[in-house]
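# Structural overview for review
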Amino acid sequence: MGGRPSKPVAVIRAEGKSHRTKAELNAREKGEAAFATGIPIKEKEETKKNVVAHKEFLRVTKLLNKIEKCDALYENIINRYCLLYAECRDFEEKRERFYRDLWEMEEGKENGDFEDSPRTYYKLKNDIQKNIMLKSKVMMLTRQFFAKEGFMEIETPMLGKSTPEGARDYLVPSRVHPGSFYGLPQSPQLYKQLLMCSGFDRYIQIARCFRDEDLRADRQPEFTQIDMELSFVDVDDVIDVNERYLAFLFKEVLDIDVKLPIQRITWQEAMDRFGSDKPDMRFGMELHDVSDIVKDCGFGVFTGALENGGSVRGINAEGQGAMPRKKIDKFVEFVKGYGAKGLAYIAIAEDGTRKSSFAKFMTDEEMDALVKAMDGKPGDLLLFAADKTKLVYDVLGALRLELAKQMDLLDKNEYRFVWVTEFPLLEWSEEENRFTAMHHPFTMLMEEDLPLLDTDPGKVRAKAYDIVLNGNEIGGGSVRIHQDDIQERMFEALGFTKEAAHEQFGFLLDAFKYGVPPHAGLAYGLDRLVMLMAKADTIRDVIAFPKVKDASCLMTQSPSQVSEAQLHELGLDLEPQKEEEE
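An account of the accompanying structure is given in this report. None of the values given here were measured: they were computed from a predicted structure.

Quick look at helix H18 (residues 498-512) now. If you check H18, its first and last C-alpha atoms are just 15 Å apart, much less than what 15 residues at 1.5 Å a residue would give, namely 21 Å. For H18, every residue scored as buried is listed here: Ala501, Phe505, Gly506, Leu508, Leu509, Ala511 and Phe512.

Written as structure tokens, this is what we have:
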């Protein structure tokens, strides 16, 4: 737009201007009473609402008048605000409608339509404020509980050493040491292990952490962890104190009783039953392995997957047998987004007749056996994936959740916890052509799997555990390696030479030489935990000043460019950006 849109009469009046146009005088006759606090109104309650409306109107217009550039939506929203309060009935409802309009301005800003946005301020005025208050209470109760359990709160450095494992680090250039960089912590992992070496028995910290990775609904570039470490403990000790913590927290905050002990399943069981290492336990629809049933059938998709070392698995969407073909085709497109080539199905009608995408390749006996293995009944829809087992897990795990959403099986008022234990110690990276640590390089392995570390590293299980709530990993941890020889073998399995390992983690390895107690820990994602407790859809709704999808802050307009002088002080020279060809 060429300039700032003209202000409606109410804005001019709010700023104390004395001149009036004919249009303004007409508007005054219609709406003046809504903003004047001294005009008598019959009902006292209506008068009270007018006073509140007037004060809030002045606050909002003062904020919006700070916007330097915007388009006609600004004027439309302000005029709508005037009309809402001109009637001044159902005050709360109309205020919510106005704030929703401000949200729409914000969404336009995210798409590049606005240079400024008031939502970054006013978002905090409504239900978001309740979420922030809930988060504050969670933090207060967390400190209270762990203090009574003998934990000591210790701060660890923000400026540390960049390490190669895990997500991408945020780097901070050093002015004092030109050409050198600090790495912002992805977690206080190394520091809290050093604290155990130093004789601290129980450590707790509500720690700020940073990861330079692509964002999603439950991720932010900067986030908060409830981080803890304990010495002279094993898996059961860590799980015990954290089950009591969760029971305390949910009772105090939500008045919900968490049934203890919380169910435990191994990683392998979670994958086999739910296709996910963070299973949502609020509904069934578990996976069925039908590889043995179809290994000799005539359907090449099934037999081909098995011949290549994969598996054939399915899920039973009970009561969905009458699903239209178009909707099934949409699920086929959905699973292709997870790498699947397609999706086979059997739809069982209420009268027992079947429609299938592959029946012509199977005998009646084979189809009967397959339906029986899937616990199929009249009215059910059976869906199958066949490929490498990892891909099958990913596909059916995602499909299971998508079906649950569409079948309305996800109740936000229900909280179902589960511990997932015995994760694989290592996972193979196709990109790096080597094994990488599933958690981190200091995770202790199951003692009975130690011989496998040299012969079959992929089968080694870790003393690692995640706490999962409604399909979300809210926390995770492990027992740590505290023996020099095992740590060296772990680095070898990860492809590190002794020199490389010492260069990256020498300060920790040197500390180990002086003796280190057996220790273990766990960290919660505080934002994610509060998101679930608040029944929010994204952690942005429990953070006071969240980043948007491109990791920028709309309010402070960061990240931003800095002066040449600042770059010169740091010894940095930026390459000019290439202009995109049209």
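Okay, the nonpolar core next. Within the largest apolar cluster, 104 residues are counted, with the highest numbers of intra-cluster contacts made by Val138, Tyr245, Phe250, Leu399, Leu403, Phe417 and Tyr524. A per-element tally of this core places helix H9 (residues 235-254) first, with ten residues. Residues Ala344, Met362, Met367 and Met374 belong to the second largest nonpolar core, which totals 19 residues.

Before going further, it helps to spend a moment on unusual backbone geometry. A cis geometry characterises the amide bond from Leu260 onward to Pro261, with omega recorded as -5 degrees. Looking at the secondary structure, you find Pro261 in the loop between H9 and strand E6 (264-266). Here Ser558 and Pro559 are connected by a cis peptide whose omega angle stands at 0 degrees. Here the phi dihedral of Met285 falls at roughly 55 degrees; this positive angle occurs in a residue that is not glycine. Residue position: Met285 is located in the loop between helix H10 (267-274) and strand E7 (288-289). Backbone geometry at Lys535 places phi at a positive 60 degrees, although glycine is not the residue there.

The topology assignment puts Arg400 in helix H15 (residues 389-406). With no salt bridge to any partner, buried Arg400 finds its closest opposite charge in Asp280, at an N-O distance of 6.0 Å. At a separation of 2.9 Å, a polar atom in the side chain of Arg400 contacts the main-chain carbonyl oxygen of Asp280. At 2.9 Å, the side chain of Arg400 forms a polar contact with the backbone oxygen of Phe283. Discounting residues that sit within four places of it in the chain, Arg400 has contacts with Phe274, Asp280, Phe283, Gly284, Met285 and Ile315.

A word on a nonpolar patch on the surface. A surface patch of nonpolar side chains, about 260 Å² in accessible area, is lined by Leu171, Phe181 and Leu572. Tracing the backbone shows Leu171 in strand E2 (residues 171-173).

Definitions and limits used
Residues numbered from 1 in each chain as written. Predicted model: local features only at pLDDT ≥ 70, side-chain atom pairs only at ≥ 80, totals over all residues. Heavy atoms only, no water. Helix = DSSP H or I, 4+ residues; strand = E, 2+ residues; numbered from the N terminus. Expected span 1.5 Å × (residues − 1). Buried < 20%, exposed > 50% of the residue type's maximum accessible area, 1.4 Å probe, protein only. Core = buried A, V, L, I, M, F, W, Y, C linked by side-chain atoms within 4.5 Å. Lys, Arg positive; Asp, Glu negative; His and termini not counted. Salt bridge = Lys/Arg side-chain N within 4 Å of Asp/Glu carboxyl O. Polar contact = N/O pair within 3.5 Å; in protein donor to acceptor, adjacent residues only side chain to side chain. Contact = heavy atoms within 4.5 Å. Patch = residues over 30% accessible without salt bridge, like charges linked within 9 Å, V, L, I, M, F, W, Y side chains within 5 Å. Areas by Shrake-Rupley, 256 points an atom, 1.4 Å probe, with all protein chains shown as cover.

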